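# Fold and contact review
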Amino acid sequence: MSGQSLLVPGTLSPTRRVPSSIPRPEYVGKPAPTPYTGPEVQDTETIEKMRIASRIAAQAMEEAAKAIKPGTTTDELDRIAHEYMCDHQAYPSDLGYRGFPKSICTSLNEVICHGIPDSTELRDGDIVNLDITAYIHGVHGDTNATYLCGEVDEESQLLVERTREALNRSIKAVKPGRQINIIGRVIESYAKRFGYGVVRDFTGHGINSAFHSGLIIPHYDDPRATTVIRPGMTFTIEPMLTLGTHDYDIWEDGWTVVTKDRKRTAQFEHTLVVTDTGTEVLTLP
């Protein structure tokens, strides 16, 4: 594995502004969102709006990813994605969600998820996860991917490739009439072939007019996840695989989740809608 030194918190820049003309999600300025009480199956109009939000999120991620190279700060990646979303009249869903201070999450190396963009500079050999959600027309679209920065060691490259494949395999397993736990069963069985850990406490989720609807999508074979998949359901799948343990610590910032053994971890995510025969991935650029 790469011999990179472990990450430490950097310095935060001032909160980025969003033009007043762009509608905010209801949770902005509040300690927590209002619990979602609507349906998990969405109507045609909502799904069409989610296509727009999801496409903007995917394109913002593409733009930010172009800047991934040694010396770029994670704050600069945040700026690029923030400006792209605002230029397309979308609100960065992360900004102000339960007090999160930035517009995207940037999770490097041993950071499982929820890394806060700051003055940290990318290094040759890092792996970099960008997690971006856009809010427009009253709905959210959520996606993430892990990228290579410079010359990355083979073990880390394989982790990234196989995490992407775990997501792809799980999407193919989604069919109406199956239970949600088919998703985690596929991911966990694939990850076990390589001795990877599968993070349990951070999951996929229902998404629509709510950033997180309350529907939970485990990435391991959870016998409790018996919700039956139905056409029109919208949710994310976002497996987090690790080179070691799935246990974790959280930094003092209350957000940054790191592997307990500080080994590397990768993640990929798509927002999808269930169709009559399978799925449509909404977060394609």
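The rules we used
- Residues numbered from 1 in each chain as written.
- Predicted model: local features only at pLDDT ≥ 70, side-chain atom pairs only at ≥ 80, totals over all residues.
- Heavy atoms only, no water.
- Buried < 20%, exposed > 50% of the residue type's maximum accessible area, 1.4 Å probe, protein only.
- Helix = DSSP H or I, 4+ residues; strand = E, 2+ residues; numbered from the N terminus.
- Pairing = 2+ DSSP bridges.
- Phe/Tyr/Trp six-rings, centres within 6.5 Å; stacked < 30°, edge-to-face > 60°.
- Lys NZ or Arg CZ within 6 Å of the ring centre and 35° of its normal.
- Axes fitted to C-alpha atoms, helices over the stretch in contact; angles between N-to-C directions.
- Left-handed = near helix turned anticlockwise from the far one by under 90°.
- Contact = heavy atoms within 4.5 Å.
- Core = buried A, V, L, I, M, F, W, Y, C linked by side-chain atoms within 4.5 Å.
- UniProt positions renumbered as here; feature names shortened; annotations may be inferred.
- Polar contact = N/O pair within 3.5 Å; in protein donor to acceptor, adjacent residues only side chain to side chain.

### A few points about the pairing of strand S14 (residues 270-274)
Of all the 5 residues making up S14, 5 are buried; the element is thus mostly covered by neighbouring parts of the structure. Where S14 meets strand S15 (residues 279-281), 3 bridges bridge the pair, whose relative direction is antiparallel. Following the sheet pairing, Val-273 is matched in S15 by Glu-280.

### Considering the sheet that holds strand S13 (residues 265-267)
The strand order across the open sheet built from 3 strands is S6-S10-S13, with neighbouring strands paired in antiparallel fashion. Unpaired on one side and paired on the other, strand S6 (197-198) and S13 mark the two borders of the sheet. With 2 bridges joining them, S6 and strand S10 (residues 240-242) adopt antiparallel strand pairing. When the bridges of S10 are listed, Val-198 appears paired with Leu-241.

### Thoughts on the packing of aromatic side chains
Counted under the stated rule, the structure contains 7 aromatic pairs. Taking 5.1 Å as the distance between ring centres and 75° as the angle between the ring planes, the aromatic pair formed by Tyr-190 and Phe-194 counts as edge-to-face. We classify Phe-194 as partly exposed; its relative accessible area is 26%. With 5.7 Å between their ring centres and 35° between their planes, Phe-194 and Tyr-196 make a pair best called tilted. Among the aromatic side chains, those forming a connected cluster through ring pairs are Tyr-27, Tyr-97 and Phe-211. Between Arg-200 and the ring centre of Tyr-220, over which it is positioned, the NZ or CZ distance is 4.0 Å.

### Focus: the packing of helix H1 (residues 44-65) against helix H2 (residues 74-87)
Their axes nearest at 8 Å, the elements H1 and H2 cross at an angle of 145°. Helix-helix and strand crossings are classified by hand; for H1 and H2 the assignment is right-handed. Packed against H1, whose contacting residues are Ile-56, Gln-59, Ala-60, Glu-63 and Ala-64, the element H2 presents Leu-77, Ile-80, Ala-81, Tyr-84 and Met-85 at the interface.

### Describing the nonpolar core
Formed by 66 residues in total, the largest nonpolar core has its most connected members in Met-85, Leu-130, Ile-183, Phe-235 and Ile-237. If one sorts the elements of this core by residue count, H1 sits on top with 9 residues. In contact with Leu-130, other than residues within four places in its own chain, are Met-61, Ala-64, Ala-65, Ile-68, Leu-77, Ile-104, Cys-105, Thr-106, Thr-143, Asn-144, Ala-145 and Tyr-147.

### Details of the UniProt feature "binding site: substrate" (unreviewed entry) in the chain
Feature annotation in UniProt places "binding site: substrate" (unreviewed entry) on His-114 and His-212, given in this structure's numbering. Tracing the backbone through its elements, the reader meets His-114 in the loop between strand S3 (111-113) and strand S4 (127-136). Owing to a relative accessible area of 25%, His-114 belongs among the partly exposed residues under this scheme. In contact with His-114, other than residues within four places in its own chain, are Phe-100, Cys-105, Ser-107, Phe-202, Trp-255, Thr-256 and Val-257. Along the polypeptide, His-212 turns up in the loop between strand S7 (204-205) and strand S8 (216-217). The class of His-212 is partly exposed, set by a relative accessible area of 34%. With residues near it in sequence (within four places) discarded, His-212 still touches Tyr-97, His-205 and Gly-206.

### Let's talk about the environment of Tyr-196
Inspection of the secondary structure assignment puts Tyr-196 in the loop between helix H4 (181-192) and S6. Judged by relative accessible area, which is 9%, Tyr-196 ranks as buried. Put simply, Tyr-196 and Glu-238 are 42 residues apart on the chain and 15 Å apart in space, counted from C-alpha to C-alpha. Every residue in contact with Tyr-196, bar those within four places of it in the chain, is listed here: Leu-158, Leu-159, Arg-162, Ala-191, Leu-241, Thr-242 and Leu-243. Of the polar contacts made by the side chain of Tyr-196, one reaches the side chain of Arg-162; its length is 3.0 Å.

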